[in-house]
Amino acid sequence: MKKPPFIWLNITLFIATFTTAAILMPWRGFTHGFELTEWLTFVGLAFYSGLSITGGYHRLWSHKAYKANAVVRLFYALGGALALQNSALHWSSDHRVHHKHVDNNDKDPYSAKMGFWYSHIGWMLREYQASRYHDYNNVRDLQKDKIVVWQHKHYLLLTILMNIGLPAFLGWLNGDIFSMLIIAGVFRLVVVHHCTFFINSLAHIWGTQPYTNKNTARDNGILAVFTYGEGYHNFHHIFENDYRNGIRWWHYDPTKWLIKGLSYLGMVSDLRRVPQERIEAAKLQMQMLKTQHKVAHLPNAEEVVAKLQEEYELLKSYLLKYYTAKKALLDAKRQQIAHSELAEQVAELKANFKSQKKQWRTLQANYS
Ligand SMILES: [Zn+2]
Ligand SMILES: [Zn+2]
C-alpha cells in the first residue's frame, strides 16, 4: 500500500526544534552557562504548557471531567498554544476518536498497534488522517465554548506569541533574550512534546493492566512522573470521565492536584469521579481473569476455577452490600437522620468485605 504524502510543516518543525534543542542548548550551556532564573523559567513553562494539555485539552475539553470558568479556560488555551500540539478543538476531536476506536489501526489516529514510532510521532508526519474526520462533528459541544473557538481561529498567531514572544519577553526582563529563547522556548517545547507524546506511545506499551485488558492502555507510575500524572492510562481508558488518572492520594498526578486545588478556589466545579465500587469491581474482575489464566495448566484446573469463581462471587456480593450501605449512611448523615444503627451495619459489612478480600488474596497467592 502506498503511504500518504508527508506533512512537511510538521516534519520541519519537529526536526528544527529537536536539532536546536540537541545542539544549541548544550553549546550555549558550555560556552555561556544558564542562570538559575532561566532554569526556573524552563520548569515553570514546562509545567504550564504540559498541564494545559493534560488538565485543559485532555481532562476538561476532551473528556468533560469537570467544569472550568473563563479565566481557567483562557489560561489553558494560551498554555495549549505554548505546547504547540494543535488547537484544543482539533486535539480533542482526535482524542475522542482515539478513545472510541482505541487500537483500531484504521480509525484510532495514534493506534498503539501500529508500533512505538507511529503512536509517538509518526502519525503526525504523514497525511494519515486527511480523509477521516476533519469536520469536527464529534466536538460540537466545544464549538459552543467561545474560548475554544477563539483559540482555534487565532491558533497560529497565539503559538508564535507564546513560543517566541513570551520567552523573549521573559529573557528581556532577565537580561538575556537569546538564552531564554533556547532554554524556555525551544528546549522546553521539545521536552514537553515528547513527554506528552509518551501518553500515546509508552502508556500503551509499558506497564500493568489492573482494570481492563480490552485495550493496550497501561498503568505505569514511572511514566506518570514524565506525563503530568497521565501514566495511569489503563485506569483512564476504562474510566475516561474521571478527573483523576492516579486515584490513590499518593499517586503522582499533578493534573489531578491542579484541578482539585482550583476547585477549592471556586474556579472549577463538578469534578467527576467514578464510584469506588465500580473501580473495585473492575479490579476484581481482572484479578479473576489473571488467576484463571494462571491455573489453566493445572491437572485439577476445573475444580480450582470453580472454587475461585465461588469466592469471587461472594466477594462481589460483599462489595456491593458494603458500598450500598455506605451510600445510605452518607445520605442519612446529609439529611441529618438518626444513623447509629446504619453505621453499625456499615462497619459490619466493611469487616465482612475486608476478610473476604483477604481470603481472596490468599487464594490468589496460592496459585501465583
Ligand atoms: Zn490512550
Ligand atoms: Zn483520554
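These numbers were taken from a predicted model, which means no experiment stands behind them. (Residues numbered from 1 in each chain as written. Chains lettered and ligands numbered in written order. Predicted model: local features only at pLDDT ≥ 70, side-chain atom pairs only at ≥ 80, totals over all residues. Heavy atoms only, no water.)

A.B. asks: What am I meant to see in the overall build of the protein chain here?
C.D. replies: For the protein chain, the count of helices and strands is 14 helices and two strands. Oriented by its inertia axes, the alpha-carbon framework of the protein chain measures out at about 70 × 60 × 45 Å. Of all 368 residues assigned to the protein chain, the portion counted as buried reaches 47%. In the protein chain, of all internal contacts separated by at least 6 residues, the share reaching a separation of at least 24 is 68%. Roughly 19200 Å² of accessible area belongs to the protein chain as shown, and the carbon and sulfur atoms make up 62% of that amount. Computing the positive centroid from 42 side-chain charges and the negative centroid from 28, the protein chain places the two 2 Å apart. (Helix = DSSP H or I, 4+ residues; strand = E, 2+ residues; numbered from the N terminus. Buried < 20%, exposed > 50% of the residue type's maximum accessible area, 1.4 Å probe, protein only. Contact = heavy atoms within 4.5 Å. Areas by Shrake-Rupley, 256 points an atom, 1.4 Å probe, with all protein chains shown as cover. Lys, Arg positive; Asp, Glu negative; His and termini not counted. Charge placed at Lys NZ, Arg CZ, Asp CG, Glu CD.)

A.B. asks: Could you clarify how one ought to interpret the coordination of the zinc ion (ligand 2) in this entry?
C.D. replies: For a metal bound by four donors in a tetrahedral arrangement, the ideal donor-metal-donor angle is 109.5 degrees, while six donors in an octahedral arrangement ideally sit at 90 or 180 degrees. Distances from the zinc ion (ligand 2) to its protein donors, His 58 (NE2), His 63 (NE2), His 95 (NE2), His 99 (NE2) and His 236 (NE2), fall within 2.0 to 2.2 Å. We note that the donor set of the zinc ion (ligand 2) lies within a single chain, spaced as H-x4-H-x31-H-x3-H-x136-H. Here the zinc ion (ligand 2) and the zinc ion (ligand 1) are spaced 5.8 Å apart. On the criterion of sequence distance, the pair formed by His 63 in the loop between helix 2 (36-62) and strand 1 (67-68) and His 95 in helix 4 (residues 88-100) is long-range, its members being 32 residues apart. In this structure, His 63 and His 95 share a single accessibility class: buried. (Donors = N, O, S within 2.8 Å, 3.2 Å for Na, K, Ca; no water.)

A.B. asks: Whenever I open this one, helix 11 (residues 254-264) confuses me. Can you help?
C.D. replies: Given 3.6 residues to a turn, an α-helix orients residues that are three or four positions apart in the same direction. Restricting attention to buried positions, one finds in helix 11 the residues Pro 254, Thr 255, Lys 256, Ile 259 and Leu 262. For helix 11, the elements touching its buried residues are helix 2, helix 3 (70-83) and strand 2 (268-269). Phi for Gly 266, located one or two positions after helix 11, is positive at around 80°.

A.B. asks: I'm lost on the coordination of the zinc ion (ligand 1) in this one. Help?
C.D. replies: In the first shell of the zinc ion (ligand 1), the protein supplies His 98 (NE2), His 204 (NE2), His 233 (NE2) and His 237 (NE2), at 2.1 to 2.2 Å from the metal. Because the angles between the four donor atoms bound to the zinc ion (ligand 1) fall within 93 to 162°, the donor set is best described as irregular. In primary-sequence terms, the residues that donate to the zinc ion (ligand 1) follow H-x105-H-x28-H-x3-H. With relative accessibility at 4%, the residue His 204 sits in the buried group. (Tetrahedral: all angles 85-135°; square planar, octahedral: opposite > 155°, others 65-115°.)

A.B. asks: Would you explain the packing of helix 2 against helix 4 in this entry?
C.D. replies: Taken N-terminus to C-terminus, the directions of helix 2 and helix 4 make an angle of 65°; their axes are 9 Å apart at the nearest point. Between helix 2 and helix 4 lies a crossing whose hand is right-handed. Of the residues in helix 4, those in contact with Ile 53, Tyr 57, His 58, Trp 61 and Ser 62 of helix 2 are Ala 88, Trp 91, Ser 92, His 95, Arg 96 and His 99. Broken down by class, the residue content of the contact of helix 2 with helix 4 amounts to five nonpolar, five polar and one charged. (Axes fitted to C-alpha atoms, helices over the stretch in contact; angles between N-to-C directions. Left-handed = near helix turned anticlockwise from the far one by under 90°. Nonpolar A, V, L, I, M, F, W, Y, C, P; charged D, E, K, R; others polar.)

A.B. asks: Teacher, can you tell me more about a nonpolar patch on the surface here?
C.D. replies: Taken together, the side chains of Phe 116, Trp 117, Ile 205, Trp 206, Ile 222, Val 225 and Phe 226 make up a nonpolar region of the molecular surface, amounting to roughly 720 Å² of accessible area. Among the elements of the structure, helix 5 (116-120) and helix 9 (221-226) are those that each provide at least two residues to the nonpolar patch. Among the elements that make up the nonpolar patch, the one with the highest residue count is helix 9 (three residues). (Patch = residues over 30% accessible without salt bridge, like charges linked within 9 Å, V, L, I, M, F, W, Y side chains within 5 Å. Salt bridge = Lys/Arg side-chain N within 4 Å of Asp/Glu carboxyl O.)

A.B. asks: How should the environment of Gly 33 be read in this particular structure?
C.D. replies: Relative to the helices and strands, Gly 33 resides in the loop between helix 1 (8-31) and helix 2. Note: C-alpha distance between Gly 33 and Trp 257 (224 residues apart in sequence) is 34 Å. Setting aside anything within four residues of it in sequence, one finds Gly 33 in contact with Arg 28 and Glu 38.

A.B. asks: Help me understand the packing of aromatic side chains in this model?
C.D. replies: Remark: the centre distance and the inter-plane angle together describe each pair of aromatic rings, the angle taken between the planes. Summed over all chains, the structure comprises 21 aromatic pairs. Each member of the aromatic cluster is reached from another via a ring pair, and the members are Tyr 48, Tyr 57, Trp 61, Phe 75, Tyr 76 and Trp 91. (Phe/Tyr/Trp six-rings, centres within 6.5 Å; stacked < 30°, edge-to-face > 60°.)

A.B. asks: I tried to follow the domain arrangement of the protein chain on my own but got confused; where do I start?
C.D. replies: Accessible area lost when the parts come together is the quantity often used to give the size of an interface. Assigned domains within the protein chain: domain 1 (8-269) and domain 2 (276-366). Each of domain 1 and domain 2 has a C-alpha centre, and the two are 38 Å apart. Counting residues at the interface gives ten residues for domain 1, matched by seven residues for domain 2. Summing the contributions of domain 1 and of domain 2, the shared interface buries around 710 Å²; its carbon and sulfur component is 64%. The interface formed by domain 1 and domain 2 contains zero salt bridges. The interface formed by domain 1 and domain 2 contains one residue pair in polar contact (both at pLDDT 80 or more). The residue makeup of the side of domain 1 that touches domain 2, split by class, is six nonpolar, three polar and one charged. (Domains from an automatic or database assignment. Buried area = accessible area lost by both parts, 1.4 Å probe. Polar contact = N/O pair within 3.5 Å; in protein donor to acceptor, adjacent residues only side chain to side chain.)

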